[in-house]
Amino acid sequence: MTQRPITVYTLLVYLVFGLTLLCATALLALGQLGAVEYLFVVVLALRSVDALLKAGSQSMSMSVCQNAIDTSERILAAEPLPETDAPQHPKGAGIEFDHVSFSYDKARPVIDDVSLVCPEGRLTALVGPSGSGKTTLTRLIARFWDVDGGAVRIGGVDVRDMAVEELLGMVSLVFQDVYLFDGTIEENVRFGQPDATDEQVRHAVRVARPDQVAERLEDGWETRVGEGGGRLSGGERQRVSIARALLKDAPIVLFDEATAALDAENEAAIVEAMHELARDRTVIAIAHRLSTIAGADQIAMLEDGRVTQLGTHGELLSQEGRYRSFWEDRRRAQGWRVR
Ligand SMILES: Nc1ncnc2c1ncn2[C@@H]1O[C@H](COP(=O)(O)OP(=O)(O)OP(=O)(O)O)[C@@H](O)[C@H]1O
Ligand SMILES: [Mg+2]
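If you're wondering where the values come from, they're calculated on a predicted model, not measured in any experiment.

**Q** How should the packing of aromatic side chains be read in this particular structure?
**A** Each pair of aromatic rings is reported with the distance of its centres and the angle of its planes. Per the stated rule, a full pass over the model turns up eight aromatic pairs. Ring geometry for phenylalanine 144 and phenylalanine 175: centres 6.3 Å apart, planes at 90 degrees, overall edge-to-face. Of the two residues, phenylalanine 144 sits in the loop between α3 (134–141) and β4 (149–154) while phenylalanine 175 sits in the loop between β6 (171–174) and α5 (185–190), which places them 31 residues apart along the sequence. Note on phenylalanine 175: relative accessible area 26%, which makes it partly exposed.

**Q** Explain α3 to me, please; I cannot follow it from the model alone.
**A** In an α-helix, one turn spans 3.6 residues; hence positions three or four apart end up facing the same way. Among the eight residues in α3, seven count as buried, and that is most of the element. Among all positions in α3, only Lys134, Thr136, Leu137, Thr138, Arg139, Leu140 and Ile141 are buried.

**Q** Please clarify how the sheet that holds strand β2 (residues 111–118) should be interpreted in this entry.
**A** Spatially, the four strands line up as an open sheet ordered β2-β1-β4-β5, and their pairing is antiparallel. Looking at strand neighbours, the two that pair on one side only are β2 and β5 (157–158), the edges of this open sheet. The sheet contact formed by β4 and β5 spans two bridges and is antiparallel. Looking across to β5, one finds that isoleucine 154 is bridged to valine 157. Running over the sheet, α3 touches β1 (95–102), β2 and β4 and is turned about 120 degrees from β1.

**Q** What is the right way to read the packing of helix α6 (residues 198–208) against helix α8 (residues 234–248) from this model?
**A** Angle between the axes and distance between the axes: these two values describe a pair of packed helices. It is at 8 Å that the axes of α6 and α8 come closest, and there the two elements cross at 140 degrees. Of the possible angle classes, the one that applies to α6 and α8 is oblique. Here α6 runs over α8; the crossing is right-handed. Contacts between α6 and α8 involve Gln200, Val201, Ala204, Val207 and Ala208 on the former and, on the latter, Arg239, Ile242, Ala243, Leu246 and Leu247. Of the residues that constitute the contact of α6 with α8, the class distribution is eight nonpolar, one polar and one charged.

**Q** How do you make sense of the site of ligand 1 when you look at a structure like this?
**A** Residues in close proximity to ligand 1 include Tyr104, Arg108, Val110, Pro129, Ser130, Gly131, Ser132, Gly133, Lys134, Thr135, Thr136 and Trp145, which together make up its full environment. In this structure, an oxygen atom belonging to ligand 1 sits 3.0 Å away from a main-chain N or O atom of glycine 133. For ligand 1, whose free accessible area comes to 640 Å², the fraction covered by protein is 61%. By residue class, the composition of the shell around ligand 1 is four nonpolar, six polar and two charged.

**Q** What should I look at first to understand a nonpolar patch on the surface in this one?
**A** Taken together, Val8, Leu12, Leu15, Leu19 and Leu22 make up a surface patch of nonpolar side chains, about 500 Å² in accessible area. Along the chain, the position of valine 8 falls in helix α1 (residues 3–29).

**Q** Can you walk me through the nonpolar core in this structure?
**A** A general tendency of soluble globular proteins is for nonpolar side chains to be buried together. Ile185, Leu232, Ile242, Ile293, Ile299 and Tyr323 are the most contacted members of the largest nonpolar core, which has 45 residues in total. Top contributing element to this core by residue count: α8, with six residues. The contact partners of isoleucine 242, leaving out residues within four places of it in the chain, are Val174, Ala208, Phe255, Ile270, Ala273 and Leu277. With 30 residues, the next largest nonpolar core counts Ile95, Val157, Val171 and Leu254 among its residues.

**Q** Is there a simple way to explain the pairing of strand β3 (residues 123–127) in this structure?
**A** Within a regular strand, the side chains alternate between the two sheet faces. Counting buried positions along β3 gives five out of five residues, so the element sits mostly inside the fold. Here β3 shows two buried faces, one formed by Leu123, Ala125 and Val127 and the other by Thr124 and Leu126. In this structure, β3 lies alongside strand β8 (residues 282–286), joined through four bridges in parallel fashion. If you follow leucine 123 over to β8, its bridge partner there is valine 283. Where β3 lies against strand β9 (residues 298–303), four bridges are found, and the strand directions are parallel.

Definitions and cut-offs
Residues numbered from 1 in each chain as written. Chains lettered and ligands numbered in written order. Predicted model: local features only at pLDDT ≥ 70, side-chain atom pairs only at ≥ 80, totals over all residues. Heavy atoms only, no water. Phe/Tyr/Trp six-rings, centres within 6.5 Å; stacked < 30°, edge-to-face > 60°. Helix = DSSP H or I, 4+ residues; strand = E, 2+ residues; numbered from the N terminus. Buried < 20%, exposed > 50% of the residue type's maximum accessible area, 1.4 Å probe, protein only. Pairing = 2+ DSSP bridges. Contact = heavy atoms within 4.5 Å. Axes fitted to C-alpha atoms, helices over the stretch in contact; angles between N-to-C directions. Parallel < 35°, antiparallel > 145°, perpendicular 65-115°, else oblique. Left-handed = near helix turned anticlockwise from the far one by under 90°. Nonpolar A, V, L, I, M, F, W, Y, C, P; charged D, E, K, R; others polar. Near = heavy atom within 4 Å. Polar contact = N/O pair within 3.5 Å; in protein donor to acceptor, adjacent residues only side chain to side chain. Areas by Shrake-Rupley, 256 points an atom, 1.4 Å probe, with all protein chains shown as cover. Patch = residues over 30% accessible without salt bridge, like charges linked within 9 Å, V, L, I, M, F, W, Y side chains within 5 Å. Salt bridge = Lys/Arg side-chain N within 4 Å of Asp/Glu carboxyl O. Core = buried A, V, L, I, M, F, W, Y, C linked by side-chain atoms within 4.5 Å.

Pasting the structure below:
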């Protein structure tokens, strides 16, 4: 988009240059212009072209900068999270949604009276159609937004009554579209806990095996992954992000599983890492993979911002309801068999 005006501008500059040259040559041929004047015009036109093109690219850089400035201003103008004056410490890491309602535009409810308990040390899978509110629900835990009604509690304490630092320290996020910064894989993992010892980093990479990913890159562990992690596949980025979460060692992990199909190696590494993560943490996974869904301790089916079914895989399969057809569709699409 931003390329188009500058391309048109460049073409125009060259067009005018070409016309000037053509006229000057014609005048020279007709004897109306002397050789010295002709040379003078050519040199002048060439220098003008140069200056005009430079000015064009400068103005393009300025507009890019202006965009960045606008974004920064928007971020700075955002209201900070209201902080409580008397922070309370949660007892444990279990999560409870208590009649939670939320809407982005304060008109259409996106989360509609959701009550759900996600016990400590258990894996809760959230499933449901696109747009049903799964990502929104998990983000309410980390206070990306505050609820409009009801409460989200961690260890019995309303997240609004916790010190923001303590809340963020308790939660690890593994996003669907992980953003890695342009550093090495190791730097990206260490970001989870910058003062981690080498031993801790080794432990974190033991499961999700981002080192295996690194081995395939030309400079191994030292390779830079590119802005946003562009040199890695989605599954590989998620492995780096899981290792980051393991290193941070937070008691709550919110996992937005990648929807894209994974190859066998990435799939195996992520499944194993999920189990390791779920062992003694509260994990809420927005689950797309059948193995994650079937292996969850409880599954909540979300439809239009409401929990319509809750139970284990076996329980939900034996019930009338959306889950059964949802599961069958997925199974058919992914060619998976329950043994
Ligand atoms: N930042 C936002 N601002 C405004 N509306 C939003 C925002 N994020 C999501 N929504 C809207 O809220 C609803 C729920 O979105 P959400 O992302 O929670 O769904 P989801 O269940 O995670 O879907 P998916 O499976 O596609 O990821 C959608 O209608 C969406 O358009
Ligand atoms: Mg989502």
